[in-house]
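Observations on the three-dimensional arrangement
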Amino acid sequence: MPNRDWGLCQDCKWWQLEPEASVESLTLGLCIEEDLQEFRLRVSGDSGCNRFMSGKPARAKGSGEAPPTAKAVR
């Protein structure tokens, strides 16, 4: 039985990308889930976790930098 609370970042509303970035497995972006924001997690589209929430990724300049410099836009 699949775990419905787990999903890939590329399908998650908590994944934040550069404004012009493609939503792909190897694209890097910032996790902006509220409880995880303090960790400034830079994750790829094929990363995933149990805080997944289905939706379109957010967009903000600096989300794909190392370390990320963007602020959460949601």
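Keep in mind it's a predicted model, so treat the numbers as computed, not measured.

1. Description of the packing of aromatic side chains
- Using the criterion set out here, one finds zero aromatic pairs in the structure.
- Positioned over the ring face of Trp14 is Lys13, at 4.8 Å from the centre of the ring.

2. Some thoughts on the side chain of Ser63
- Within the element layout of this structure, Ser63 appears in the segment after strand 6 (58-59).
- Residue classification places Ser63 among the buried residues on the basis of a relative accessible area of 0%.
- A polar contact of 2.7 Å, which involves the side chain of Ser63, links it to the backbone oxygen of Ala60.
- Not counting residues within four places of it along the chain, the set of residues in contact with Ser63 comprises Gln16, Leu17, Glu18, Gly29, Leu30, Pro68 and Ala70.

3. Brief notes about the sheet that holds strand 6
- Strand order in the open sheet formed by four strands is 4-3-2-6, with mixed pairing between adjacent strands. In this open sheet, the two edge strands, each paired with only one partner strand, are strand 4 (42-44) and strand 6.
- In the sheet, strand 3 (residues 28-31) pairs with strand 4 via three bridges, with the strands oriented antiparallel. The residue of strand 4 that forms the bridge with Leu28 is Ser44.

4. Quick word on unusual backbone geometry
- Cis geometry marks the peptide bond from Ala66 to Pro67; its omega dihedral reads -5°.
- Assignment of secondary structure puts Pro67 in the segment after strand 6.
- Backbone geometry places Arg40, a non-glycine residue, at a positive phi of 50°.
- Among the structural elements, Arg40 can be located in the loop between strand 3 and strand 4.

So, how was this worked out
Residues numbered from 1 in each chain as written. Predicted model: local features only at pLDDT ≥ 70, side-chain atom pairs only at ≥ 80, totals over all residues. Heavy atoms only, no water. Phe/Tyr/Trp six-rings, centres within 6.5 Å; stacked < 30°, edge-to-face > 60°. Lys NZ or Arg CZ within 6 Å of the ring centre and 35° of its normal. Helix = DSSP H or I, 4+ residues; strand = E, 2+ residues; numbered from the N terminus. Buried < 20%, exposed > 50% of the residue type's maximum accessible area, 1.4 Å probe, protein only. Polar contact = N/O pair within 3.5 Å; in protein donor to acceptor, adjacent residues only side chain to side chain. Contact = heavy atoms within 4.5 Å. Pairing = 2+ DSSP bridges.

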